[in-house]
Amino acid sequence: MGDPGPEIIESAPPAGPEASESTTDENEDDIQFVSILFPKMPKRQGDVLHFLNVKKVKMETESNNRNKNHCGLSKSKKPNFEYIEQPIIEEKPSCSLKEEIDNLVLPDCWNEKQAFMFTEQYKWLEIKEGKLGCKDCSTVRHLGSKAEKHVHVSKEWIAYLVTPNGSNKTTRQASLRKKIREHDVSKAHGKIQDLLKESVNDSISNLVRKQNNKNIDATIKVFNTVYSLVKHNRPLSDIEGAIELREKNGEVNCLNTRYSATRIAEHIAKEMKMKIFKNIIEENAKICIIIDEASTVSQKKSTLVIYLQCTVQSAPAPVMLFVALKELVSTTAECIFNTLLTTLNDCGFTNEYLKANLIAFCSDGASTMLGRKSGVATKLLEYFPEIIIWNCLNHRLQLSLDDSISEIKQINHFKIFLDKIYSIYHQPNKNQTKLLGTIAKELEIEIIKIGRVMGPRWAACSLQAATAVWRAYPVLYMHFSHSYSGLAKRLANINFLQDLALMIDILEEFSLLSTALQSRSTNIQKAQKLIKRTIRTLENLKIGIGKYESQIEDLIKSDKFKDIPFNKSNKFNALPRNMLLENIIQHMNLRLLSDRNHDESIFNYFDLLEPSTWPYEEITSPWIAGEKKLFHLCEILKYEISLNDFREFVNNNIKSNNVSIPTTIQKAKKIVSTIAINSAEAERGFNLMNIICTRVRNSLTIDHISDLMTINLLGKELADWDATPFVKSWSNCNHRLATDTRVRQKSTKAFYENQLAIWNLQ
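Residues numbered from 1 in each chain as written. Predicted model: local features only at pLDDT ≥ 70, side-chain atom pairs only at ≥ 80, totals over all residues. Heavy atoms only, no water.

S.K.: Describe helix α36 (residues 724–732), listing the residues and the values that go with them.
M.R.: The complete set of buried residues in α36 reads F726, V727, S729 and W730. End-on, the buried residues of α36 take up no more than an arc of 165°, which puts them together on one face. Just downstream of α36, N734 is the residue with a positive phi angle, here 65°. (Buried < 20%, exposed > 50% of the residue type's maximum accessible area, 1.4 Å probe, protein only. Helix = DSSP H or I, 4+ residues; strand = E, 2+ residues; numbered from the N terminus. Arc of directions from axis to C-beta.)

S.K.: Go over unusual backbone geometry, please, and point to the residues and values.
M.R.: Glycine aside, residues mostly have negative phi, and peptide bonds are mostly found in the trans state. You will see that E129, though not glycine, has its phi angle at about 55°, which is positive. Tracing the backbone shows E129 in the loop between β1 (125–128) and β2 (131–134). Judged by relative accessible area, which is 71%, E129 ranks as exposed.

S.K.: I'd like a description of the environment of I705, backed by residues and values.
M.R.: Here I705 lies in helix α35 (residues 702–714). Classification of I705 by relative accessible area gives buried; the value is 0%. Distance in space between the C-alpha atoms of I705 and A324 is 9.4 Å, their sequence separation being 381 residues. Apart from the residues within four sequence positions on either side, I705 is in contact with L325, M689, I692, C693 and L700. (Contact = heavy atoms within 4.5 Å.)

S.K.: Now, about the sheet that holds strand β6 (residues 358–363): what can you tell me, with residues and values included?
M.R.: Backbone-to-backbone hydrogen bonds join strands into a sheet, with any given pair of strands oriented parallel or antiparallel. In spatial order, the strands read β5-β4-β3-β6-β7; together these 5 strands make up an open sheet with mixed pairing. Each edge of the open sheet is held by one strand with a lone partner, namely β5 (319–327) and β7 (388–391). The sheet shows a mean angle of 20° between the axes of neighbouring strands, direction not considered. In this structure, strand β3 (residues 287–295) lies alongside β6, joined through 4 bridges in parallel fashion. When the sheet's bridge partners are listed, I290 is paired in β6 with C362. This element, helix α14 (residues 258–283), spans β3, β4 (302–310) and β5 of the sheet and lies at about 125° to β5. (Pairing = 2+ DSSP bridges. Axes fitted to C-alpha atoms, helices over the stretch in contact; angles between N-to-C directions.)

S.K.: Explain the nonpolar core to me, and be specific about the residues and the numbers.
M.R.: Nonpolar side chains in soluble globular proteins generally cluster together in the buried interior. Formed by 168 residues in total, the largest nonpolar core has its most connected members in I280, I291, F349, F361 and F606. At 13 residues, helix α26 (residues 494–518) tops the list of elements feeding residues into this core. (Core = buried A, V, L, I, M, F, W, Y, C linked by side-chain atoms within 4.5 Å.)

S.K.: Got a sec to walk through the side chain of T378? Specific residues and values, please.
M.R.: In this fold, T378 is placed in helix α18 (residues 376–383). With residues near it in sequence (within four places) discarded, T378 still touches G371, R372 and K373.

S.K.: Go over the pattern of salt bridges, please, and point to the residues and values.
M.R.: For the structure on display, the rule yields 13 salt bridges. The partner of K547 in a salt bridge is E508, with the nearest N and O atoms 3.4 Å apart. Of this pair, K547 sits in the loop between α27 (524–543) and α28 (552–557) while E508 sits in helix α26; the two residues are 39 residues apart in sequence, bridging distant segments of the chain. With relative accessibility at 45%, the residue K547 sits in the partly exposed group. The partner of E681 in a salt bridge is R520, and the shortest N-O contact between them spans 2.9 Å. Of this pair, E681 sits in helix α34 (residues 680–692) while R520 sits in the loop between α26 and α27, placing them 161 residues apart in sequence. Of the residues examined, E681 reaches a relative accessible area of 9% and is grouped as buried. Taken together, the shared-partner salt bridges in this structure form one network comprising R520, E681 and R684. (Salt bridge = Lys/Arg side-chain N within 4 Å of Asp/Glu carboxyl O.)

S.K.: Give me a positive patch on the surface: which residues, what numbers.
M.R.: Side chains of K526, K532, R533 and R536 sit close together on the surface and give a patch of like positive charge. Of note, R536 is situated in helix α27. (Patch = residues over 30% accessible without salt bridge, like charges linked within 9 Å, V, L, I, M, F, W, Y side chains within 5 Å. Areas by Shrake-Rupley, 256 points an atom, 1.4 Å probe, with all protein chains shown as cover. Lys, Arg positive; Asp, Glu negative; His and termini not counted. Charge placed at Lys NZ, Arg CZ, Asp CG, Glu CD.)

S.K.: Could you give me a rundown of the packing of aromatic side chains, with the residues and numbers involved?
M.R.: All told, the structure shown has 20 aromatic pairs when counted by the stated rule. Relative to W730, the ring of F223 lies with its centre 5.6 Å away and its plane at 80°, an arrangement referred to as edge-to-face. Taken together, the positions of F223 in helix α12 (residues 204–231) and W730 in helix α36 put the pair 507 residues apart, joining distant regions of the chain. Judged on exposure class, the residue F223 and its partner W730 are both buried. Between W623 and F646 the ring centres are 6.3 Å apart and the planes differ by 15°, which places this aromatic pair in the stacked class. A residue pair is termed long-range when its members are at least 10 positions apart, and W623 in the loop between α30 (602–606) and α31 (624–637) and F646 in helix α32 (residues 643–655) qualify at 23 residues. Per residue, the accessibility class of W623 equals that of F646, and both read buried. Through pairs of rings, three or more aromatic residues link up here, namely W614, Y616, W623, F646 and F649. A cation over a ring is seen here: K128 above Y160, with NZ or CZ 4.2 Å from the ring centre. (Phe/Tyr/Trp six-rings, centres within 6.5 Å; stacked < 30°, edge-to-face > 60°. Lys NZ or Arg CZ within 6 Å of the ring centre and 35° of its normal.)

S.K.: Break down the confidence of the model for the protein for me, citing the residues and quoting the values.
M.R.: A residue-level look at the protein finds 74% of positions with pLDDT of 70 or above and a mean pLDDT of 77. The low-confidence segment residues 1–95, where pLDDT is below 50, has 103 contacts with residues more than four positions distant or belonging to other chains. Low pLDDT, under 50, characterises residues 438–457; the predicted model gives this stretch 50 contacts beyond four residues in sequence or across chains. (pLDDT = per-residue confidence, 0-100.)

If you want it as structure tokens, here you go:
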């Protein structure tokens, strides 16, 4: 049978009313009170009567102030004895509950009867593998809208990890009683009980969801505020003013600092990327990678911007997506390649996926990127040997112009003269700036626009600088005639004016082509047509005269130019017009209409999908020569084009121009459009980076800038954006909601007494 004595004494928490007695009396009263409090404790009759007889004298001498004990019984001796003897009649639990307890692994200091007693008294108590837990807390798990500061649901009670402490049986029993009692009266457990009572007619999940609606709505407003700040490129510290206004209007908000705004922006960007890239991977879309390297304006850190162009079924045209902005430890090809591959893998694009779906890589012509021995493109070909390496067409266009200029010395003299004008008007001289303002107030903007011509910039920039000199020509002569006589003589030479007009006509064609190539709707086949059209225009210019050249005679006779004594001095030779145009045409054909990375121009393969380029006089059905190229085209695109569809496509176009396009041909044309022809999007990304990372906001890290760019470039407009899923995922990550009061109060701005005094005037 064992000794049950100590087990009876320790089966309940200590009584409160006897706390004022002496130490000795207190212990004896506890024993008497415990026996009354738990009358149904199944123990041996002899042991129970032994304890009761020992306490009999004490019970008869109790104070008259104690009229009733905690069970509502009178103090008379007889009723006490009669009631206390009830435990002799042992009440057994139901068979199912008893069997359940018998099968449990109990704490080492409890037996089955004690386990039954405590689980009967505390209905929420459960035992699993010798450890205690709370089934109510485990069901609800969190307080939701009833959360308060410093009130948390115990993780140990949720996970059934409560164990006794102590070195002997008595101490371990007391430890468990204390833990059970403390949890039963805890504030968090009480709130859980309230939630369960409210959920009588509803499920716990629905109840929690309804309780959290208010919190979710308040947090959505904060997310919308952060999203708006990011979309408008505003500092995230502006949220403090916006939240302060809401608090003034009666809203309670704990996410009111720039630190919270930064975490929210990080979360939104992460969720956006996760959702978008997951959809692309699931769709098995073909992709093209575009990268470029540059330094931030404020921090002078080398960064790598990564874009991705892909084909998705829901979009009629390829979609350009910003992937990430990464800081580079060094600008070597090895470092750039490793950063690129790691970033793509982190976004979910595994090497296996890239081998099956990466079709092209585009960057500028820097040796680090496209070097044939150790460039990034070469390293990519080692991993993915079938991809297309494409040099940005806009950079190639500029290089064709630079190659032509370098072969003609007279152009260098022309360039040096315009650079001299640039250096003069960009000196920090206040007197000179004031003089310019008085001489050419109406043309001051054009003079400021005079930049470097034929430099390492795109054609549109050179055109802007040359046009600014053309429009400010009379004012420049007036200014130079007072201070720079040599420059004034050069401007008075009619050969220089003719050369300027010719260069503007050439640069205008280059600028038109450069702008068209930068368009997001321009694909590789359209670009080929635009390049050929520009070459034809330059060939026509070689035969005739351009728009600005035809204006020279009228300008010299006009009132604006009447003060300039034009002459035709042999000291300043004119540009060799026909030679310059011929060189430009040759270099454009060499750099833009041929592909050095392939034995045969890649345009010839893509022309299979463009009936307007077919040699119809040579085509027979079936088109054998075309079908031979078709096999190689499928390898390039990593997509199988049905031979039957191609033959049907050829037959239909031979018979008629307006025919339906087979499905596989449509998909192939879409994949061809996925190949990026320039890195203009990366340039736009760097422009946005410099707008975000100003000298005022130079504390932003590269990762933070990348998050802000993600929201700005991938996010919908604020009116169309729904913050609800982002707030729910924020809550699921155990972040605090806007109405959570368990935060440190923000410090208020000090308002000095002198400032406050003026408002107390009467």
